[in-house]
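An overview of the molecular structure
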Amino acid sequence: MKKIIIIIFTAFGFSTLTNAQSLDDYFKLAAENNPGLQAKYKSFEAAMQKVTQVSSLPDPNLSFGYFVSPVETRVGPQRARFSLTQMFPWFGTLKAQEDAATLMADAKYQEFLDARNKLYYQVSASYYPLYELQKLISIEEENQRILSSYKEIATIQFQNDKGSMVDVLRVDIMLKDATTNLSILEQKQKPLVTRFNKLLNRSDDDNIVVQDSLFTFSLPANYRKDSLLASNPILDELELKIEASKASEQAAIKQGLPKLGVGMDYVIVGQRTDMSVPDNGKDVFMPMVSVSLPIFRRKYKAAQKEAQLMQESYSLQREEATNRLTSSYDMIWFEIQQQVELIQLYEEQIKESGQSLNLLFSAYSNSGKDFEEVLRMQQQILKYQKMKATALSEYNIAIAEMDYITAKSK
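These numbers come from a predicted model, not from an experiment. (Residues numbered from 1 in each chain as written. Predicted model: local features only at pLDDT ≥ 70, side-chain atom pairs only at ≥ 80, totals over all residues. Heavy atoms only, no water.)

With that settled, the discussion passes to the pairing of strand S1 (residues 61–73). By the criterion of burial, S1 is predominantly exposed, with just one of the 13 residues buried. Two successive antiparallel strands, S1 and strand S2 (residues 76–88), enclose a turn made up of two residues. (Buried < 20%, exposed > 50% of the residue type's maximum accessible area, 1.4 Å probe, protein only. Helix = DSSP H or I, 4+ residues; strand = E, 2+ residues; numbered from the N terminus. Pairing = 2+ DSSP bridges.)

Structure representation (structure tokens):
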């Protein structure tokens, strides 16, 4: 009784361990660790720093001059001069530049969101082949066990003069094929594991927990189609870039207007010793106002034209992205429906082939004849089981791709 209890608790502990990490857990790990995604976020943070830069006034200018040969004036010789000037761009220029930088930063954030969603899809597209491989290995191992039992039965039938030695050799050949297939499948595991772990930025051989079973589920017609073009980071990024280009155009227009400057000159004056005059040796303070003359217009017109062309470019990119998403949706939806039908077909074929195998095996047990048909039916079941595992993997990958293009949040 104690042994039974220990086995039960051990099995429960193992089950808890294997279920400790789900696909959602791997999404979280990828989002936290993937360097490509982190780079996208750093790019967004860098773009945010641009906002402060373009919305700030230019630095004031401070100059100092010393009169090597003092300039005599009525109140005394000028010794040194200090000048301080602050330029101000035309009204609204800084605000336009700030708007453009803010919108571009928002576009960078949308680019980050799309990269995150794409990473989730890549994780799924690397995860489900691991399920498929695990299933194929399990099926091939089961096939080996069945063929081994068939070899024993065929040998017994031959010894009892109810079968042929050819039957034993046939099974032996198929066992060798199964052994080779199993070896190839096991070798395939390493590159798949490495690819998955690298998306999570982990060691090549870190353990991966893969769920035991996959299922299809009923999807409504036009699944998530209403989300395809609404709140999609790809389209939102381009829309924000269009608005940023409009703000850049306004900033270019305002940069072509005069800049205003205010400042002061402070002159240090020495005292006259040859005579006494009013304000003798009094320093000079002189407020100043300056205006820039933007007479070289070509650079301002070029900046406006650049912003206009970028608006057209982003608009065309958005139109192209809309067309691509729409066509991708239809292709992915077809893929999903195709895999559902194939899975249903394979399940029916497995069931009916299993019934046929039972009948053939019963007949062979009694007569020792048609063993080749038994083997053929067994291999047909094996083929359908493998095709079902592949179809389940492809189905779930297609669902993940659909979630990506429709910007489904996890």
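That covers the picture; the talk isn't over yet.
This part covers helix H5 (residues 165–199). In a regular helix each residue adds 1.5 Å, so 35 residues correspond to 51 Å; H5 covers 52 Å between its end C-alpha atoms and thus fits that length. One side-chain oxygen of the residue at the start of H5 lies 3.1 Å from the amide nitrogen of Val166, identifying that residue as Ser164. A positive backbone phi angle near 60 degrees is found at Asn201, which sits one or two residues after H5. (Expected span 1.5 Å × (residues − 1). Polar contact = N/O pair within 3.5 Å; in protein donor to acceptor, adjacent residues only side chain to side chain.)

Here helix H4 (residues 93–159) crosses H5 at 165 degrees, and the two axes come no closer than 8 Å. Judged by the inter-axis angle, H4 sits roughly antiparallel to H5. Between H4 and H5 the crossing geometry is left-handed. (Axes fitted to C-alpha atoms, helices over the stretch in contact; angles between N-to-C directions. Parallel < 35°, antiparallel > 145°, perpendicular 65-115°, else oblique. Left-handed = near helix turned anticlockwise from the far one by under 90°.)

Next up on the list: a nonpolar patch on the surface. Taken together, Leu57, Phe88, Phe91, Leu260, Val262, Val289, Val291, Leu293, Ile295 and Phe296 make up a surface patch of nonpolar side chains, about 1,000 Å² in accessible area. Elements with a minimum of two residues in the nonpolar patch: strand S3 (260–269) and strand S4 (284–291). (Patch = residues over 30% accessible without salt bridge, like charges linked within 9 Å, V, L, I, M, F, W, Y side chains within 5 Å. Areas by Shrake-Rupley, 256 points an atom, 1.4 Å probe, with all protein chains shown as cover. Salt bridge = Lys/Arg side-chain N within 4 Å of Asp/Glu carboxyl O.)

Let us look at the pattern of salt bridges. Applying the stated criterion to the full structure yields 18 salt bridges. Across the salt bridge formed by Glu239 and Arg318, the nearest N and O atoms sit 3.2 Å from each other. Note that Glu239 is positioned in helix H6 (residues 233–255) and Arg318 in helix H7 (residues 298–367), a separation of 79 residues in sequence. A network of salt bridges, in which partner residues are shared, links Lys40, Lys108 and Glu111.

With respect to the element layout, Arg170 can be found in helix H5. Note: C-alpha distance between Arg170 and Lys151 (19 residues apart in sequence) is 8.8 Å. Among residues more than four places away in sequence, those in contact with Arg170 are Glu372 and Leu375. (Contact = heavy atoms within 4.5 Å.)

So, about the packing of aromatic side chains. As enumerated under the stated definition, the model contains 17 aromatic pairs in all. Seen from their ring centres, Phe64 and Phe82 are 4.8 Å apart, and the 45 degrees between their planes marks the pair as tilted. Within this pair, whereas Phe64 is found in strand S1, its partner Phe82 is found in strand S2, the two being separated by 18 residues in sequence. Residue Phe64 is classed as exposed on the basis of its relative accessible area, which comes to 52%. (Phe/Tyr/Trp six-rings, centres within 6.5 Å; stacked < 30°, edge-to-face > 60°.)

The next subject is the side chain of Gln78. Of note, Gln78 is situated in strand S2. Beyond its immediate stretch of four places on either side in the chain, Gln78 contacts Phe67, Pro70, Val71, Thr73, Val267, Ile268 and Val269.

Another aspect to go through is the confidence of the model for the protein chain. In this model, the protein chain carries a mean pLDDT of 89, and residues with pLDDT of at least 70 account for 95%. Long-range and interchain partners of residues 1–20, a stretch whose pLDDT sits below 50, account for three contacts in this model, where long-range means more than four residues apart. (pLDDT = per-residue confidence, 0-100.)

A separate point is unusual backbone geometry. Phi is positive for Asn201, close to 60 degrees, though the residue is something other than glycine. Within the secondary structure, Asn201 is located in the loop between H5 and H6. Unlike most non-glycine residues, Asn222 shows phi in positive territory, near 55 degrees. If you trace the backbone, Asn222 turns up in the loop between H5 and H6.

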